[in-house]
Amino acid sequence: MKFIKLISILLIFLVFSSITTAYILESYVNTVELEEKDSFHTIEGIVLMEKKTDQFSLTLIPRVKNLKVFIDEQERKCNLEEKIGFSILRCSFSEGIVGKHHFKVTFNSNYPLLDVGNKVLFKSEYNPSTKTEKFNYIVKLPVGYVIPEEEGKDISFFINPKPKNIYSDGQRIILSWEEKNINEKFEVSVFIEKLATSVTNFILLSILVLIIFLVVSFYLLRKRKKETSMPALLEKEKKIVQSLQRAKNHELWQKQLQIETGFSKA
C-alpha cells in the first residue's frame, strides 16, 4: 500500500514538473498606451520551449477586445478564457513545437481605468504562468495627462512600484519598469490627472508669443541688412546707378550715360 502511494506521489510530481518546466519566457515586454476611456496593449517576447509541447499560455487582464496573436510573425487563432479578475490565453499546436519562438499579442481593454475624484487610476498586473527571465512593463500616459504633484507627497505616492525610468516622447509621459527572473505576480498602479486648462492655455500663448517674436526679429534683421548693404547715395549718384542697372550687361559708354542722365561730361 505504501509502495502504491509512493508511486502515485512520484507520478504527480513528474506530471507537475513537466507542466511547469515545459517552457520559459526569455523576454516579455508589455507596452500600454492609455487613453481616457481605453488602454491599448502590445505584448512581445521570446518563448523557449525546452521540450516539445503542444500548448502555450499567457495570463492577460480582463475585458480583452480586438485580440490578435502572432507566433513567429504568423497570425494564429487562440482561445481566450475570461476568469474573475483575469483572462487566460491558450494557443495549441497540433504537432507540438520546440526551441525559441517569437510571440506578439495585441488587444485593447477598458480595465481598469477608474475615476478617483479629479484623478484617474490605472491598475494592472502580470501573473507569470512560467519563469520570466527578462521583464519590461511600459505605460504611456494619455496626451495631456501628468503625474499629480501635491505638497508633502513624493512620486511614490502616485506610482507603485517606483518606475526605473520616467521620460517623454514630446507628447506623452512614459513610465517603464524592468525586472529579471520573476515567477511571482507583478502589480502596478498609477494615478494620473489632466493638465489644467489654464496651464495648457498659458503654454499655447507662450508658444504663440515666441513665434511672433521670431518673425518680427527676422523681418527687422533682414530690413536692417538691406539698408546697410549699400552706402547712402546722392540723388545724382542714384540716377547714374539706376541707368547702369537698366542697361544691357549693366554697361554704358560715357556718352550714353550723358544722354541717359542729361548730365555734363564733367
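First, a word on scope: everything that follows refers to the structure included in this document. (Residues numbered from 1 in each chain as written. Predicted model: local features only at pLDDT ≥ 70, side-chain atom pairs only at ≥ 80, totals over all residues. Heavy atoms only, no water.)

1. Let's talk about the environment of Val 32
When you line up the elements, Val 32 lands in strand β1 (residues 23-34). Using a relative accessible area of 0% as the deciding quantity, one classes Val 32 as buried. Separated by 109 residues in the primary sequence, Val 32 and Leu 141 place their C-alpha atoms 8.6 Å from one another. Ignoring anything within four residues of it in the chain, the contact list for Val 32 reads Ser 39, Phe 40, His 41, Phe 122, Tyr 137, Ile 138, Val 139 and Lys 140. (Helix = DSSP H or I, 4+ residues; strand = E, 2+ residues; numbered from the N terminus. Buried < 20%, exposed > 50% of the residue type's maximum accessible area, 1.4 Å probe, protein only. Contact = heavy atoms within 4.5 Å.)

2. Overview of the pairing of β1
Among the 12 residues of β1, nine are classified as buried, and the element is accordingly described as predominantly covered. Pairing of β1 with strand β2 (residues 39-60) involves 11 bridges; the strand directions are antiparallel. Across the sheet, residue Leu 25 finds its bridge partner in β2, namely Val 47. Two successive antiparallel strands, β1 and β2, enclose a turn made up of four residues. Across seven bridges, β1 lies against strand β9 (residues 132-140) in parallel orientation. Pairing of Thr 31 across the sheet is with Ile 138, part of β9. (Pairing = 2+ DSSP bridges.)

3. Overview of the pattern of salt bridges
For the structure shown, the criterion picks out eight salt bridges. Between Glu 35 and Arg 172 there is a salt bridge whose closest N-O contact spans 2.8 Å. With a gap of 137 residues between them, Glu 35 in the loop between β1 and β2 and Arg 172 in the loop between β12 (165-168) and β13 (173-182) connect regions that are remote in the sequence. Judged by relative accessible area, Glu 35 falls into the partly exposed class, the value being 32%. With a relative accessible area of 11%, Arg 172 lands in the buried category. Linking Glu 81 and Lys 83 is a salt bridge whose minimum nitrogen-to-oxygen distance equals 2.8 Å. For Glu 81, a relative accessible area of 33% corresponds to the partly exposed category. (Salt bridge = Lys/Arg side-chain N within 4 Å of Asp/Glu carboxyl O.)

So yeah, pure geometry; function would need other evidence.
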